Each structure stands twice: as C-alpha cells, then as structure tokens.
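Spelled out from the first residue to the last, the chains are:
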Amino acid sequence: METLENQKQEFNITVYTENQIGLLSRIAIIFTRRKINIDSLNTSPSEIESIHRFNIVINESEEVVRKLTRQIEKQVEVLKVYYHTNDDVVWQELALYKMSTDVIAEKISVERLLRENGARAVVIRKDYTVFEATGHREETDNLIKILQPYGLIEFVRSARVAIIKQSDGFNRKLREFERLEPGEDVVENEYLNQGQKVFTM
Amino acid sequence: MEVAQQEIGAVAVQPATVPVTQVSGSVALLEALIVEGVDTIFGYPGGAIMPIYDALYDYKEKLNHILVRHEQGGIHAGQGYARTSGKVGVVFATSGPGATNLVTGLADAQIDSTPLVCITGQVFAHLLGTDAFQETDVINITTPVTKWNYQVTDANEIPEVIAKAFYIAKSGRPGPVLIDITKNAQIQKFDYQGYTPCKHIRSYRPKPIVRSQYIQQAAELINQAKKPFVLWGQGVILGSAEQEFKTFIEKSGIPAAWTILGAGAIPTDHELNVGMLGMHGNYGPNVLTNECDVLIAIGMRFDDRVTGRLDKYAKQAKVIHLDIDPAEIDKNVVSTVPVWGDCKETLPLLTQLVEAKQHTEWVNKFKEFADKEIEAVIFDELNPGDGEMTMGEVIKHLNDLTGGEAIIVSDVGQHQMVACRYARLNNTRSNVTSGGLGTMGFALPAAIGAKFGAQDRDVVAIIGDGGFQMTLQELGTIMQSGINVKIIILNNRFLGMVRQWQELFNERRYSFVDIQSPDFVTVAKGYGIAGKSIDDRANLSSSLKEMLEHNGSYLLEVMVRKENNVFPMVPQGCSVAEIRLK
C-alpha cells in the first residue's frame, strides 16, 4: 500500500540563492538527472538585495522532494531551501488573454464574464485588448474556456509564485548566514524524524 | 559574478611574493597557488592557457609542474596526489579538448569526494559563444561533475575566485572545483593587492552543526545493542578522524567493516577490523549486516555496490548514520538517528557517552564466517599450489615483502577487488582506487600523483591488462619526471570482470572481452622503464623483490589464471545476505 510519504502531489520548493550566473543550470540538473519534470519555475530577486528566490513546482512524493531539496541546498550558492504542499502556501499565477477589441465592444457578456472572473484590461488598442487575471491554475484555465468561443487570440501564463503561510520570512535566517560562524540557533534536522514539511540545514 | 566583500572572511591579507603592483591574471593565479601551499601541478599546455604557462616559466623554482601525456592522466594524477597527501590536487589544461579530457577525472573526483582545483584556459571573452577555435562550454559541461565551477573573464576576479575555489574544494565534503579563465583575463594586468584565503562564504555551510541530542540518542542505541556493527567509509580518512574512529570502536568493542575507499583507516590486522563490505566484500560482514541490531555507518554513503538490494538491506537494524553531508542522510538507507557533522567532532562525543564493552560472542561470529570464507575461497586464492598463478597470491607475496607499508593504487576490475580484499594496509591514505565511478585507466596516472603526494613511501600500482592500455602513455610522464613507481600488471588476457559476469550471468557468452596486449615490458623499455614478465610462480616472490628493490620505476607483468573469478560475490539484484562463496 502506498504510504502518504510516497503519494505524489504538487510541492512548492522555495530556494534562496546568491545572484550567480549558471546557478539555474546547476539547479535544473538536479531535476533532469532524476528525470523529474519541473511543472513551473519562477526566479526573481527577493526582498533582500543580491539574493534571488526560486519558486519551483513539481509533482512528486514527499520522499523524493525531501531528497531533492537536500541536493539543492548542498549547492554552494544556495542559502536555503524549503518545500511545502499547496495547502501550506499562498500561491498565484498571472495570465494574459488577448482578445479582439471589436468582439469586446460588441459582446457585453464578455465584459460581465471578465468582471465575474476578476480580470482587468491592461491594454486596449483598436485591434486588440489584453486582459489580465491572477489566480490558481483552474481559475485561469476556466477563463480560457469562457473566452475561447469569443475568439481568444493569444494566451500566456506565468510561472507560479508562492508565499509560505507559516514562516517568519528569510530575513532573520539571512543574518545568521552572514555571520562568519553559524549561530547556535540555526536548526539542524529538527523536522527530520517528524516527517514535517520544512527542511533546514 | 560579484564576489561580495562579505563573502570573504576577515583573514589577514597574505603579502604577495612580488611587489604590490600591476600584475597579470596569470601571475595572480600562481601567487594564489603559492599562498595556498601548492607545490605540485599536473598539467598540459595549449593555446588558451599559454599566458599561464608563460608565467609559470618564472615560477619553476616554487611550483613543480609535471607534464603529463593526456589531460585525463593529469587529473587522475591530481587525484592520486590529493588522496595520499590530504592536500588539494591542482591541474592545468587548455580549452576545448583539453578541458573536456578532464571530465572523467572530475566525475571520478566528485563521486569519491577528492579535493581538486582544475584551471582551464578559455578563449578570449569576446569570442565566447561564437564557436571559436577550441571553444567549448566547459562550465555547462562540468556543472554536474563539480562541487563548484566558475568562469573568470576579468583578471580582477582571480584572487577572490581562486580563494573560494580552494576553500570549497577542501572544506566540508571535499570535491573537485573547476575555474575556467579566459585568455584575456590571463593576460590582463590589474592592481594586485595580495591574496586573502577564503574562510567563509555566506551561502555555503561546509559542516553542519553537531546536535547533542542526536549524539545522546545514538549512544543510547549503541549501549542497548546486543549486536552492533560499524560500517566505515572514506569520511573517516577525509576528516582525519582515524584515531577518533579507532578509539570509538575499541571502547565500544564493536566489530567494524569498510568500504573500499575506507580501507586502511585502521590497520588491516586490527582485531575489530572484520573486513570489506559489498559486492566482492567479505562473507561475514555482508551476511551479518542482516543480523546486527544496530548499524552504525560512519562517513560512508550506502552505495549500491555496498548495499545490494535496498529493500532487503539491514531491515532488522536500527541505523545510526554519521555524515558531514546532510544530503547523504536517508538518501538510500533511512536512519533511525542521523548524526550530521564532521566525524572528527562527532566521534569523540559519541565515544564519551558509549559504555566500554566487549561483544565477544558477536565478534567471534565474524571470525566463524571468516573461517568459512578462508576454507571456501581465500586459502585456494592465496595458495593455489599448482596451475597458473592467481591474482590473490601476487598480492599475498607483495604483502610479505612490503609488510603492509606500501601505498597500493589499483585500477578497476577483478584485480581491483582482489587488491582491495587482500592488500595489507598498516597506514591510512594507503589505498588509492577509483571507487564510485570505476574508471579504468585510473591507476597508472593516479600512482604518479600518489608518489608526488607521499614521496617517502613506496607506491605500487596494481593494474589489469585492459585498464593499463587506457592510459599507458603516462609511462612517458614517469620517464620524464624520473619518479619511482612500481607497476604490477595482472594480465589474464581478458577484460576479467566483464568476463566473470558473462560467465556467471550470460551463459559464458564472452562478448568482446578477449583483449590482446602488446609486449608490456618492451613498451616500458621504450620509455626507459625497467621491467619483466613472469608466468611461473617459482619466480613470483623473487621478481616482486627485484621490483621493489629496483632503483626507479619498474614494470612487472604477471601472467595470471585466465578464467579466475573473484569470490565471494553478491549478484546484482540480491541482498547482501545472499552473497555467494562459489
């Protein structure tokens, strides 16, 4: 029987790194050599200068995710890695929808549908209008289905960004990393035996 | 890259051995190597690294450069040097094919945790990405097989980057680092302010903090254990924790077995040393792994060659895993108590808490299995009596003559397993072999490096007829550098290990394992190296003696039994308890 540990589900991996050329490739290799597909990958500067934050989404078992996070955290330029289930993070994806402006103008129902789906116009030109919507995958997918009959011209969706619900942020942790010697309160394998969702080193 | 000031620890700047002035990137590199204590470099010049070699011309007195015959030979020599000296091996290569020839050695060093700093030349920065002559994307090629790598395009970066390279290569779990330097950065002059060794990198934690609660839990498990069993690996040697390890097992009275990279950390004839683990390991340690109640793994990574089938591996045992690399904990075998940390720190803490005991009955059980193995396998292998010589008897006679004091460098194959099983090792850093990657062609260049790393010790390379032909051009390096390396070729006229598998598992379908060899003695003679070939055991001991006493390098070819198998053996897909004696 499959244990909870072995059941595949979506995991959000959060990686704090130095701003370093080539690191994306080094991290990507950790997934590709194990033949694990990255469902979504977002990388951008974090709130802390010179530190970048990766959001990586994969569909795997917790056992695999835990091993992956350790391999990622092992990289020299990686400061910290966390992993969480979807329930443990607040997450969003941004989607852009390009529609014919004529269709928008003529079909009032489109406007209503957009409003009901929390979309807003970001560009209105004579030939086309671009709407933006943010939300979970199923929400932005749903809007595609609604807009498709009205001649959706183009669609694009961003990678997922996620904020960890239970977290006091990375600022405190970073101060510990900047010390020459690691502080005593840097938690080692506190969660290892408890099967919890946070891995720290 | 921005080498941020805070990444470099507050360490006193080492004065440059040249006046603080404008120097080239190449000079800055060589100055850095001197401050890092480098005495030997293995390398091969080429167009893209010529400025560094030009600068090296003025550093001949300070830096001993060994001209190898192939970059792969250079990096294996660097590995051999690092393994016997405990220092960082340094390797130079040019761009393109020079750099790609390092890849095998990088992969080998990565999996065997060998500290290396490899410097490759690269085309001018303005040519990057244009498919320029001898340009390859060496950073992306080597990313999966390095602990860290970095491309320097500006000479100003060199001091900080080299400092980081050495710190990363040798700290924590050691590993290979590659620094690719574009030709313009080698030539470019900049204001050289001296060299500051690196002691801290913000994002890098070489050693996890030791947690006392886990030490206590581990000690409790050990104190309650009736049949505790220690498995040790190279981590004990890399952490220079041989004495701490010996004290631990002697106080706790626990029998201990080794992975091939852990061999020699305590002497072969130590009463608690119960032998080698794994596919061709000893009978007792393998079978009794599935009988012990507490398994204490120290600085070893539960490689599949050690564990056999994981779902049948030590399921009855509570596992305590001591390792400096957090990613190794629970990777293959789930631990009951993980002890993260440098075993030089964790072992004394554990020794303090464990009760002094003698597990006489349990230790004797290993001896009973050893007796069975001697009767079924070892006696005949070491004392075959008549017929063709065996690999085992060569090692036995070598032991008799060296007394276990020599450094044994082995290649990959049957002879490797025989050498590792039977070589007597009295001292640590005496067993140099390609453990994780299994690189044929490793031993000859590694023996060269091993000799430079331990110049006062005898170095004996034991190589198969197949592996020898992969890097035999390094005889030229021996010739030119004039070093004293003893080479034993155990020639069975087969690619023996593959043939053994074909015999056992492929119904003797010997597919392309019948290998012809040149007259090795004549080849050696061509390189000015003395040697002889023997096929009669009457000459074995005297020939080995002649080899060891010869003033300079010597090649001894021993014609051994053609179809001899290495037993015991855990067949692939079997549990360690299913080890076959025959």
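Residues numbered from 1 in each chain as written. Chains lettered and ligands numbered in written order. Predicted model: local features only at pLDDT ≥ 70, side-chain atom pairs only at ≥ 80, totals over all residues. Heavy atoms only, no water.

The subject of this paragraph is the overall build of chain A. When you go through chain A residue by residue, the secondary structure sums to six helices and nine strands. Across the 201 residues of chain A, 46% fall into the buried class. For chain A, the share of sequence-separated contacts (at least 6 apart) that also reach a separation of at least 24 residues comes to 78%. Summed over its atoms, the accessible surface of chain A is roughly 10,700 Å², and 50% of this surface lies on carbon and sulfur atoms. (Helix = DSSP H or I, 4+ residues; strand = E, 2+ residues; numbered from the N terminus. Buried < 20%, exposed > 50% of the residue type's maximum accessible area, 1.4 Å probe, protein only. Contact = heavy atoms within 4.5 Å. Areas by Shrake-Rupley, 256 points an atom, 1.4 Å probe, with all protein chains shown as cover.)

With numbering matched to this structure, UniProt assigns "domain: Thiamine pyrophosphate enzyme N-terminal TPP-binding" (unreviewed entry) to residues 25-139 of chain B. A helix fraction of 42% and a strand fraction of 17% characterise residues 25-139 of chain B, whose end C-alpha atoms lie 19 Å from each other. (UniProt positions renumbered as here; feature names shortened; annotations may be inferred.)

In this section: the pattern of salt bridges. If the charged atoms of two oppositely charged side chains come close together, the side chains can form a pair. Inspection of the entire model under this criterion finds 38 salt bridges over all chains. In this structure, E355(B) engages K357(B) in a salt bridge whose closest nitrogen and oxygen atoms are separated by 3.7 Å. On the accessibility criterion, E355(B) (42% relative accessible area) is partly exposed. Here the residues in one salt-bridge network are K74(A), R173(B), D325(B), E328(B) and K331(B), joined through shared partners. (Salt bridge = Lys/Arg side-chain N within 4 Å of Asp/Glu carboxyl O.)

Attention now goes to the domain arrangement of chain B. Reports of interface size often rely on the accessible area that becomes lost once the parts have come together. Residues and elements named next belong to chain B. Partitioning chain B into domains gives domain 1 (5-192), domain 2 (212-366) and domain 3 (385-559). Averaged C-alpha coordinates put domain 2 and domain 3 at centres separated by 31 Å. Between domain 2 and domain 3, the residue contacts involve 20 residues of the former and 18 residues of the latter. When the two sides are added together, the surface that domain 2 and domain 3 hide from each other amounts to roughly 1,500 Å², 56% of it contributed by carbon and sulfur. When residues of domain 2 are sorted by the area they lose upon contact with domain 3, I260, T268 and H280 head the list and together hold 35% of the total. Summed over the shared surface of domain 2 and domain 3, the number is zero salt bridges. For the pair domain 2 and domain 3, the number of links is seven residue pairs in polar contact (both at pLDDT 80 or more). Along the lines of polarity and charge, the residues of the side of domain 2 that touches domain 3 split into eleven nonpolar, five polar and four charged. (Domains from an automatic or database assignment. Buried area = accessible area lost by both parts, 1.4 Å probe. Polar contact = N/O pair within 3.5 Å; in protein donor to acceptor, adjacent residues only side chain to side chain. Nonpolar A, V, L, I, M, F, W, Y, C, P; charged D, E, K, R; others polar.)

A separate point is the UniProt feature "domain: Thiamine pyrophosphate enzyme central" (unreviewed entry) in chain B. According to UniProt, the positions carrying the feature "domain: Thiamine pyrophosphate enzyme central" (unreviewed entry) are residues 215-348 of chain B. Each end of residues 215-348 of chain B is marked by a C-alpha atom, and these two atoms are 10 Å apart; helix forms 31% of the span and strand 20%.

A few words on the environment of I408(B). Residues and elements named next belong to chain B. Within the fold, I408 resides in strand β15 (residues 407-410). Residue class for I408 comes out buried when judged on its relative accessible area of 3%. Residues I408 and T522, spaced 114 residues apart in sequence, show a C-alpha to C-alpha distance of 24 Å.

Once that is clear, we can look at the sheet that holds strand β4 (residues 78-85) of chain A. Residues and elements named next belong to chain A. The sheet built from four strands is open, its strands ordered β2-β3-β1-β4 with antiparallel pairing. Edge positions in the open sheet fall to β2 (40-45) and β4, since each of these has one partner strand only. The sheet shows a mean angle of 15 degrees between the axes of neighbouring strands, direction not considered. Inspection of the sheet shows strand β1 (residues 9-18) paired to β4 by seven bridges, in the antiparallel sense. (Pairing = 2+ DSSP bridges. Axes fitted to C-alpha atoms, helices over the stretch in contact; angles between N-to-C directions.)

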